[in-house]
Amino acid sequence: MPGPFSRAGVLAALIALLLACAWPGAAHADPAQSAQTARALVPSPQKGKGDACVADTDFMRRYHMTVLNHQRDDTVHNGIRTKQFSLKECIACHAVQGEDARPVSIESPKHFCRTCHDYAAVKIDCFECHASRPESNKAAQLPTGHGDGAVSALSRYLKGKGQ
Amino acid sequence: MARIRYREIGSSTGFSALLAVLALFILGGLASAWYMEHHGHIVTGMNNLVVWGMPHVFAVFLIVTASGVLNVASIGTVFGRTPYKPMARLSGLLAIAFLVGGLAVLVLDLGRPDRLIVAMTTYNFKSIFAWNIFLYVGFLIVVAAYLFVQMERTMSGYTRAVGWFAFVWRLVLTTGTGSIFGWLVARQAYDAAVMAPLFIAMSFSFGLAAFLLIILAVCRVEGRDLGDGILTRLGRLLGVFAAAVLYFTSVQHLTNLYAAEHAGVERFILFEGGIYTLLFWGVQVILGGLVPIALLYAPELSAVRLRVALASALVIIGGLAQIYVIIIGGQAYPLVLFPGMDVQSSANDGAVTSYAPSLPEVALGLGGVALALAIAVIGLKILRFLPVSLADEIVDPAHAQTSGAGA
Amino acid sequence: MTRRMEFHVPQHEKRGFEAAGVDRRDLLRGLVAGAGLTLASGVTLYAVGGVAEARAPGDPVSPEVRWGMLIDVNKCPDGCKACVTACSKENGWAETGSSLTDAQWIRKVEVTDPRTKTSRALPVMCQHCAEPPCVDVCPTGASFKRDDGIVLVDKHTCIGCRYCMMACPYNARSFIHEPLSDQKPHAPRGKGTVESCTLCVHRVDEGRSPACVEACHADGGGAMLFGDLNDPDSEISKRIAEYATQQIRGDLGTDPGVHYQNL
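If you're wondering where the values come from, they're calculated on a predicted model, not measured in any experiment.

(A) Summary view of the overall build of chain B. Looking only at helices and strands, one finds 15 helices and three strands in chain B. By the burial criterion, 58% of the 407 residues in chain B qualify as buried. Taking the intrachain contacts of chain B between residues at least 6 apart in sequence as the baseline, contacts between residues at least 24 apart amount to 80%. Counting only carbon and sulfur atoms, one obtains 70% of the accessible surface of chain B, whose full area is about 16300 Å².

If you want it as structure tokens, here you go:
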């Protein structure tokens, strides 16, 4: 079919375009280079506290909302408050310190969730209601273990009374 | 009877100008919704006690009216009154238009309108609100089907059956809307079974009034004939409906007056409620009830066209006032936490709650009205909803002759 | 762990001391009473003795339990707002002065008899009805009653229609009229949704009492008692059995979980 563009030419152009698009991806696939090349191109969220996340990073990347939503229904309706997939725990562990030495809120582009969500252009609704950072004074120091909440509360209470 | 010919409405600068004005109001409504959503309901007059405000007055009015504008179609199809049949298509179109307008206002006033999908997918079937979602959406589908069987000649055999179905559906729908208030045990002004029939009477009345105003306007602008005979009959019907609203209203208040428990709220609405008392007696009862009935049954006053137009407009104004008194007045009166006791608190317990509608609320409500009218106008423009002539000798030759002979 | 050791709570105890069975509870009662020697009067047993059974963090709430409250109006001093302040602090809501649009999870209501002019003040919050009208009317099921009787709003499905506020006989619910930030991590709340007293569900799930109850005993008149209405041996059940108590608008048949004494 005669025309201004030959079929082969169009194909070649498409392939070239695809390659061009794929290139930065190819670059950050190499871990040695990713630190420099990809700095501006892909998100590099700050690591959370501790050695490892509550599940594999790949799993969390893909399914964090699934597990959070599941946990959310369990917690709200059934009072199940296990820690593994608790949003509160995620926020506490992945808090990013801001310049004022407080964890940043979702207002900051440095916020753990935002680093990826800004990149993927996926809107987060969670923080319309949920705290996007741990409470300023408490959360950092107090490892609130489940089960001893009552004991620690009473102990705090008793100490307070004793003073 | 001559075959009725239908035609789209014509193009004119007037048509474009009307659409432009309506578009402006719609934009105003959308801007208000965005403004309310962005800043929260703090920018409205609504609060923790008057939780439903002006948007709900408009929304309920439009929804009740949507059910009512189907009157003319129902009379034609269900009750077999041939003269009304030529107007049945317009009746259906307006029903859809008003319901969409009302629902738009209702949805855009939600605290989280972005979660509309939740409302459409998660149901609590004990809630009359949840049922209403089905009734409203179902109404749109049923009326669309009703229009289809009327306009598609090969399907005309189903018109009566579908018409019946639509008739029953709209009665259930208005029962549902009235029950939103009728089933509220907490508030003194509500919690009354009479709300459902009252709302049905209101829908008949407001809907017919809206239909009459629109058909008068369209026929005048389009230069289409509209017979005095058919107008007189519709006008008398409007008078009956307006009287029915007054009847159910008096039942509602008399029942409450008899129960000492409700004396407080009745004293508030009927005597001491300030704006609510004024709206009730002045606008709802006198201006929106007694005056239109007088107009419609006093043929010597003036030409039927003027009387019907005026009465219809008054019925609509009275209707808005009535819904305002029911919704806002009912909420302004305090909850009775401790019967017989004087109560006060930081949350305004025991005191009448003040409410003043804000501009965004009114603009949102008017946007809904404009949306309804825009849908109607565009519908009339692209499909054949309206007969070329509604002259008496065309729609009702038999009656035209007898009345002609009598005169 | 060291705190547990201080209280000699056995290692296998899962949910803290008050989530114990009867024997353990008795043991703990002794312990706390012992501790109480160093305390001001009236601050001891309230947190103990309500819980019917232990519940691990992974277990769902049990319908065997029905949480409730008993408020002795005689012990509620006029002008004291300890419960209100504590709730506000615990859950992160504040009165900004616009009483009609502010969140008020709990408020002091002054009730005056128009004939005798005698007046009493009492706290009113979500009454956690057994037959909650707000739950009935909610179109999406966002208003719901937990198996243990706590009435909550699931803000993930609340569309902000406010029908529940129309239906609540107690004026207990608030609509969030403005955008919020820096909420308490355990008390999520946001613009465009409806909220009310949660009975401090996050504390109850940990085996603690609601903040208002704690504050009432620490700083107020000690009028509030929290516990399991279903457990005949709980302090609250015993007191309700022993004294005439009232529910607000009991005539409506909503069977509130909050009872009032000496009203």
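There's plenty left to go through after this.
(B) Inspection of the sheet that holds strand S3 (residues 119-125) of chain C at higher detail. Ordered by their spatial adjacency, three strands build an open sheet running S2(B)-S2(C)-S3(C), and the pairing between neighbours is antiparallel. The outermost strands of the open sheet, each flanked by one partner alone, are strand S2 (342-345) of chain B together with S3 of chain C. On average, each strand axis in the sheet is tilted by 30° relative to the strand beside it, whichever way the strands run. Here S2(B) pairs with strand S2 (residues 106-112) of chain C via four bridges, running antiparallel. Bridge assignment links B:Gln344 to a residue of S2(C), and that residue is C:Glu110. Helix H3 (residues 82-91) of chain C contacts S2 and S3 of chain C of the sheet and is inclined by roughly 160° relative to S2(C).

(C) Just the packing of aromatic side chains, in detail. Evaluation of the coordinates by the stated rule reveals 22 aromatic pairs over all chains. Cluster of aromatic residues (ring-pair linked, three or more members): B:Trp52, B:Phe129, B:Phe181, B:Tyr190, B:Phe199 and C:Tyr163. Sitting over the ring of B:Tyr6, B:Arg89 keeps its end group 3.5 Å from the ring centre. Above the ring of B:Phe15, the side-chain terminus of B:Lys381 is found at 5.2 Å from the ring centroid.

(D) Highlighting the sheet that holds strand S9 (residues 245-246) of chain C. All names here are of chain C. With mixed pairing, four strands are arranged side by side in an open sheet as S8-S1-S10-S9. Each edge of the open sheet carries a strand with a single partner, namely strand S8 (224-228) and S9. For strand S1 (residues 67-72) and strand S10 (residues 258-261), the ladder comprises four bridges, and the chain directions are parallel. Bridging across to S10, Asp72 finds its partner in Gln261. Strands S1 and S8 of the sheet are contacted by helix H7 (residues 211-218), whose axis makes an angle of about 140° with S8.

(E) Representation of the pairing of S2(C) within the structure. All names here are of chain C. Taken across its seven residues, S2 has six buried, putting it largely inside the fold. With seven bridges joining them, S2 and S3 adopt antiparallel strand pairing. Counterpart to Ile106 in the pairing with S3 is Met125. Between S2 and S3, which pair antiparallel one after the other, the connecting turn spans six residues, and Lys117 there sits at a positive phi close to 60°.

(F) Examining the interface of chain B and chain C more closely. With 56 residues of chain B at the interface, the matching set in chain C holds 54 residues. Between chain B and chain C, a total of about 4500 Å² is buried, with carbon and sulfur atoms accounting for 57% of that surface. By the criterion of area lost to chain C, the three top residues of chain B are B:Asn48, B:Phe338 and B:Ser346, representing 14% of everything that side buries. Summed over the shared surface of chain B and chain C, the number is three salt bridges. Across the salt bridge formed by B:Lys126 and C:Asp136, the nearest N and O atoms sit 3.1 Å from each other. At the junction of chain B with chain C, the criterion picks out 31 residue pairs in polar contact (both at pLDDT 80 or more). Elements that contribute at least two residues to the side of chain B that touches chain C include exactly helix H1 (13-39), helix H5 (116-121), helix H6 (128-151), helix H7 (159-182) and S2 of chain B. Sort the elements by how many residues they give to the side of chain B that touches chain C and S2(B) lands first, with four residues.

(G) Representation of the nonpolar core within the structure. Ranked by internal contacts, the top residues of the largest apolar core, which has 186 residues, are B:Phe181, C:Tyr163 and C:Met224. Take this core: its biggest share by element is 18 residues, from helix H8 (residues 195-222) of chain B.

(H) Just the confidence of the model for chain B, in detail. When pLDDT is averaged along chain B, the result is 94; 97% of the residues meet or exceed 70. No element of chain B has a lower mean pLDDT than helix H15 (residues 397-406) of chain B, at 57, and none a higher one than helix H2 (residues 54-68) of chain B, at 98.

(I) Up close: the state of the cysteines. Residue and element names in this part refer to chain A. Going through the model one piece at a time under the given rule, you end up with zero disulfides over all chains. Here Cys90 is not disulfide-linked; the sulfur of Cys53 is the nearest cysteine sulfur, at 6.7 Å. Classification of Cys90 as partly exposed rests on a relative accessible area of 22%.

(J) Local environment of helix H3 (residues 57-78) of chain A. Residue and element names in this part refer to chain A. Considering bend angle alone, the principal kink of H3 is centred on Tyr63 and spans about 75°. Looking only at H3, the buried set comprises Met60, Val67, Leu68, Gln71, Asp74 and Thr75. Positive backbone phi, at 70°, marks Gly79, one or two positions downstream of H3.

(K) Spatial organisation of the pattern of salt bridges. Scanning all chains against the criterion turns up 28 salt bridges over all chains. Between A:Asp125 and B:Arg112 there is a salt bridge, and its shortest N-O distance comes to 2.9 Å. One end of the pair, A:Asp125, is in the loop between helix H5 (112-120) and helix H6 (138-141); the other, B:Arg112, is in the loop between helix H4 (88-108) and H5, on a second chain. With relative accessibility at 30%, the residue A:Asp125 sits in the partly exposed group.

(L) Region of interest: a nonpolar patch on the surface. All names here are of chain B. A surface patch of nonpolar side chains, about 440 Å² in accessible area, is lined by Leu116, Ile117, Met120, Val137 and Ile141. Elements that contribute at least two residues to the nonpolar patch include exactly H5 and H6. Considering every element that reaches the nonpolar patch, the biggest residue donor is H5, with three residues. Relative to the helices and strands, Met120 resides in helix H5.

(M) A look at the packing of helix H11 (residues 275-296) of chain B against helix H12 (residues 304-332) of chain B. Residue and element names in this part refer to chain B. One way to put it is that H11 packs onto H12 with a least axis distance of 8 Å and a crossing angle of 155°. As the angle between them shows, H11 and H12 are arranged roughly antiparallel. The element H11 and its partner H12 pack so that their crossing is left-handed. Residue composition of the contact of H11 with H12, grouped by class: 20 nonpolar, five polar and one charged.

(N) Broad picture of the packing of helix H9 (residues 228-258) of chain B against H12(B). Residue and element names in this part refer to chain B. Put simply, H9 and H12 touch, their axes get as near as 10 Å, and they point 25° apart. Judged on the interaxial angle alone, H12 and H9 are roughly parallel. Between H9 and H12 lies a crossing of left-handed hand. Along its contact with H9, which presents Asp228, Leu231, Thr232, Gly235, Leu238, Val245 and Thr249, the element H12 presents Val304, Arg305, Val308, Ala311, Ser312, Val315 and Gln322. The residue inventory of the contact of H9 with H12, partitioned by class, reads seven nonpolar, five polar and two charged.

(O) Here's a closer look at the environment of C:Glu95. Relative to the helices and strands, C:Glu95 resides in the loop between H3 and S2. Taking the relative accessible area as the measure of exposure, C:Glu95 reaches 37% and is therefore partly exposed. Separated by ten residues in the primary sequence, C:Glu95 and C:Thr85 have C-alpha atoms spaced 9.8 Å apart. Apart from residues no more than four positions distant in its own chain, C:Glu95 is found in contact with B:Ser346, C:Lys81, C:Val84, C:Asp102 and C:Gln104.

Thresholds, definitions, all that
- Residues numbered from 1 in each chain as written.
- Chains lettered and ligands numbered in written order.
- Predicted model: local features only at pLDDT ≥ 70, side-chain atom pairs only at ≥ 80, totals over all residues.
- Heavy atoms only, no water.
- Helix = DSSP H or I, 4+ residues; strand = E, 2+ residues; numbered from the N terminus.
- Buried < 20%, exposed > 50% of the residue type's maximum accessible area, 1.4 Å probe, protein only.
- Contact = heavy atoms within 4.5 Å.
- Areas by Shrake-Rupley, 256 points an atom, 1.4 Å probe, with all protein chains shown as cover.
- Pairing = 2+ DSSP bridges.
- Axes fitted to C-alpha atoms, helices over the stretch in contact; angles between N-to-C directions.
- Phe/Tyr/Trp six-rings, centres within 6.5 Å; stacked < 30°, edge-to-face > 60°.
- Lys NZ or Arg CZ within 6 Å of the ring centre and 35° of its normal.
- Buried area = accessible area lost by both parts, 1.4 Å probe.
- Salt bridge = Lys/Arg side-chain N within 4 Å of Asp/Glu carboxyl O.
- Polar contact = N/O pair within 3.5 Å; in protein donor to acceptor, adjacent residues only side chain to side chain.
- Core = buried A, V, L, I, M, F, W, Y, C linked by side-chain atoms within 4.5 Å.
- pLDDT = per-residue confidence, 0-100.
- Disulfide = S-S within 2.5 Å.
- Bend = angle between axes of the 7 residues up to and from the residue.
- Patch = residues over 30% accessible without salt bridge, like charges linked within 9 Å, V, L, I, M, F, W, Y side chains within 5 Å.
- Parallel < 35°, antiparallel > 145°, perpendicular 65-115°, else oblique.
- Left-handed = near helix turned anticlockwise from the far one by under 90°.
- Nonpolar A, V, L, I, M, F, W, Y, C, P; charged D, E, K, R; others polar.

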